[in-house]
Amino acid sequence: MFERLSEEQRRFVGTVRALAQSRFKERAASYMDGSFPWENIRALAELGVLGMAVPEELGGLGLPVFDTALVLEEIAKVCYVTAMAVLGEVGVQTRIIAHYAPEAIRARILPQVCRGESILAICMTEPDAGTDVANYRTNVERVGAKLRLNGVKTLISRAEEAAMFVVFTRVDKRPGREGIGCVLVERGTPGLAVTGSFHTMGGENLHEVRFEDCEIAPENLVIEEDGFRRLLSSFNTQRCLNPAISLGLAEGAFEEAVRYAQERAAFGRPIAAFQGMRWKLAMMYREIESARSILYRACRSANPFPDPLLAAVAKITCNETAQRVTSEAVQVFGGYGFTDAFPVSRLYRGARYGTLGGGTTETLLDLIGKRVLAGLDPADGISGLANF
Ligand SMILES: Cc1cc2nc3c(=O)[nH]c(=O)nc-3n(C[C@H](O)[C@H](O)[C@H](O)COP(=O)(O)OP(=O)(O)OC[C@H]3O[C@@H](n4cnc5c(N)ncnc54)[C@H](O)[C@@H]3O)c2cc1C
């Protein structure tokens, strides 16, 4: 796995792996009730993991998306809930603040993110518009010297813990995708309320967040013009980090399945001795290695954001691999696999998330299909050798 990684990358990822295996694994089941994995977040902050997306001058490590993906992969092998919590700190919302926020907010919030003291929420999805972003109703408008935000967002991760909400919103009621920008809203702003709650099959809680006449300083409107296109560029990073979690879940379940197949006996032999079982494990391994190759290639295309086509292909591949591999791992465990006595059922449930967040599979297939029909450039690396 560590081929062609630098010594520094090996050391960093190895340290995270050791922490995840020795501490996070035993705690993972305790987060299935929706509690936030604060112990793990603090331990990762001490290693510098939460500052991976924060520039060095603000206390972070300023690492590329590839390093971030490797770290998420290690965490997801043992704990989906922790990997998702970390994604919130190293993903698109931190990058939006790092690239676009006013200096005062960057200087205050980002060092807190690095220390694990400020959790960030991203608010895109609305009750009547998830994939269909052109139908967002949330709107921010200028009222005198201030901005006023109104709207409802839903299925929001980490809303109860968040110190800052990165909100995608229509600006001055301008229509369509082009009318969407981004504002930062701090916890405690009058009119901001975290309301309805959903418990997910992955273990975490999601929330509804309401903004009712929230007054916001004008400098908190961080993306206004041509907002959606700029937001989408940042999103290609998320399309490499979400699949890194899927890949980790598949690997974690696979490792459990290999161990169990060697220990569990049937008909007087370990079940791994049966060809049917060996082939199952071989197919799981084959899928993981294929998914890993395309994901790493997509991550390495980042400059600073990954290539949209590679990221879309990598995301779908890893998401679907995780669903199949974790499901097969449950099968290897027989009836026990369906119980919560072993981690595979938890990893299987977490793996179901991948195709839903960060761009659904249907949306991404549409993107890929349009690019294919428009005629692929050899520089895409699909029809030519440009990227090899
Ligand atoms: C664990 C978890 C965490 C989340 N965290 C956050 C968060 O922090 N912040 C946030 O903003 N959101 C979050 N979400 C919400 C997530 O981003 C949305 O669920 C997602 O964008 C899809 O939107 P939707 O649920 O409204 O589905 P819809 O848009 O209603 O889509 C329903 C189905 O229709 C399909 N579909 C839609 N349009 C088309 C089309 N044109 N062609 C073919 N098929 C189509 C979709 O692919 C999907 O399968 C989270 C979701 C989950 C499960």
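Please read all numbers here as calculations on a predicted model, not as lab measurements.

Asks: Can you walk me through the pairing of strand β4 (residues 162-171) in this structure?
Replies: Put simply, side chains in a regular strand alternate between the two faces of the sheet. The element β4 is largely enclosed, with a buried count of 9 among its 10 residues. Bridge count between strand β2 (residues 139-143) and β4: 2 bridges; the pairing is parallel. Of the residues in β4, the one forming a bridge with valine 140 is valine 171. By the bridge criterion, 7 bridges tie β4 to strand β5 (residues 180-186) in an arrangement that is antiparallel. Paired with methionine 164 across the bridge in β5 is glutamate 186.

Asks: So what exactly am I meant to see when it comes to the pairing of β5 here?
Replies: The buried count for β5 comes to 6 of 7 residues, which makes it a mostly enclosed element. In this structure, β5 lies alongside strand β8 (residues 221-223), joined through 2 bridges in antiparallel fashion. Considered in β8, the bridge of cysteine 182 is made with isoleucine 223.

Asks: Looking at this model, I keep getting lost on the environment of glutamate 208. Mind explaining?
Replies: Looking at the element boundaries, glutamate 208 is found in strand β7 (residues 205-216). Here glutamate 208 falls in the buried class, since its relative accessible area comes to 18%. Linking glutamate 208 and cysteine 123, residues 85 residues apart in sequence, is a C-alpha distance of 9.4 Å. For glutamate 208, the contacting residues outside a window of four places in its chain are Val152, Lys153, Thr154, Ala193, Val194, Thr195 and Gly196. Among the polar contacts made by the side chain of glutamate 208, one reaches the side chain of arginine 210 at a distance of 3.1 Å.

Asks: Explain the pattern of salt bridges here, please?
Replies: Pairs can form between side chains of opposite charge whenever their charged atoms are close. Tallied over the full model, the rule gives 19 salt bridges. Where aspartate 172 meets arginine 142, a salt bridge forms, and the shortest distance between an N and an O atom there is 3.0 Å. Here arginine 142 lies in strand β2 and aspartate 172 lies in the loop between β4 and β5, a separation of 30 residues in the sequence. Residue class for aspartate 172 comes out partly exposed when judged on its relative accessible area of 33%. Classification of arginine 142 as partly exposed rests on a relative accessible area of 44%.

Asks: Quick question: what am I supposed to make of the packing of aromatic side chains here?
Replies: The relative placement of two aromatic rings is captured by the distance of their centres and the angle of their planes. According to the stated counting rule, one finds 9 aromatic pairs in the structure shown. Here phenylalanine 66 and tyrosine 296 contribute two aromatic rings whose centre-to-centre distance is 5.1 Å and whose plane-to-plane angle is 70°, an arrangement assigned as edge-to-face. Taken as a pair, phenylalanine 66 in helix α3 (residues 65-76) and tyrosine 296 in helix α8 (residues 275-300) lie far apart in primary sequence, 230 residues in all. Owing to a relative accessible area of 6%, phenylalanine 66 belongs among the buried residues under this scheme. Connected via pairs of aromatic rings, a cluster forms that spans Tyr260, Phe333, Tyr336 and Phe342. One Lys or Arg, lysine 153, reaches over the ring of tyrosine 136 and ends 4.0 Å from the middle of that ring.

Asks: Explain empty space enclosed by the protein to me, please; I cannot follow it from the model alone.
Replies: If a probe the size of a water molecule is rolled over the atoms, the empty space left behind becomes visible. For the coordinates displayed, the defined rule picks out 3 cavities of 30 Å³ or more. One number sums up the size of the largest cavity: a volume of about 180 Å³. Phe36, Arg158, Glu161, Glu204 and Asn205 are, among the 15 residues lining the largest cavity, the residues nearest its centre. In terms of residue count, the dominant contributor to the lining of the largest cavity is helix α4 (residues 80-90) (3 residues). Residue composition of the lining of the largest cavity, by class: 6 nonpolar, 5 polar and 4 charged. Computed from the structure, the second largest cavity encloses a volume of approximately 80 Å³. Every residue along the wall of the second largest cavity is listed here: Gln21, Lys25, Lys77, Val78, Gly252, Glu255, Glu256, Arg259, Pro343, Arg346 and Leu347. Sorting elements by how many residues they give to the lining of the second largest cavity places helix α7 (residues 227-263) first, with 4 residues. Its residues placed into classes, the lining of the second largest cavity shows 3 nonpolar, 2 polar and 6 charged. For the lining of the second largest cavity, the domains that each give at least three residues are domain 1 (7-117) and domain 3 (228-380).

Asks: Mind showing me how you'd approach the site of the ligand here?
Replies: Near the ligand lie 16 residues; those nearest to it are Met124, Thr125, Thr131, Thr360 and Glu362. Serine 157 places a polar side-chain atom, nitrogen or oxygen, 2.8 Å from a nitrogen atom of the ligand. Between threonine 360 and the ligand, the recorded distance is 2.7 Å, taken from a side-chain N or O atom to an oxygen atom. Taking a 2 Å distance to the grid points as the criterion, the majority of the atoms of the ligand fall inside the largest pocket. Elements with a contribution of two residues or more to the shell around the ligand: β1 (119-123) and β3 (146-157). When residues of the shell around the ligand are sorted by domain, at least three fall in each of domain 2 (120-225) and domain 3 (228-380).

The rules we used
- Residues numbered from 1 in each chain as written.
- Predicted model: local features only at pLDDT ≥ 70, side-chain atom pairs only at ≥ 80, totals over all residues.
- Heavy atoms only, no water.
- Buried < 20%, exposed > 50% of the residue type's maximum accessible area, 1.4 Å probe, protein only.
- Helix = DSSP H or I, 4+ residues; strand = E, 2+ residues; numbered from the N terminus.
- Pairing = 2+ DSSP bridges.
- Contact = heavy atoms within 4.5 Å.
- Polar contact = N/O pair within 3.5 Å; in protein donor to acceptor, adjacent residues only side chain to side chain.
- Salt bridge = Lys/Arg side-chain N within 4 Å of Asp/Glu carboxyl O.
- Phe/Tyr/Trp six-rings, centres within 6.5 Å; stacked < 30°, edge-to-face > 60°.
- Lys NZ or Arg CZ within 6 Å of the ring centre and 35° of its normal.
- 1 Å grid on protein atoms, 1.4 Å probe; cavity = no way out; pocket = protein on both sides within 12 Å on 5 of 7 lines; lining within 4 Å.
- Points joined across faces, edges and corners; volume = space filled by probe spheres on them.
- Nonpolar A, V, L, I, M, F, W, Y, C, P; charged D, E, K, R; others polar.
- Domains from an automatic or database assignment.
- Near = heavy atom within 4 Å.
- Sits in = over half its atoms within 2 Å of the grid points.

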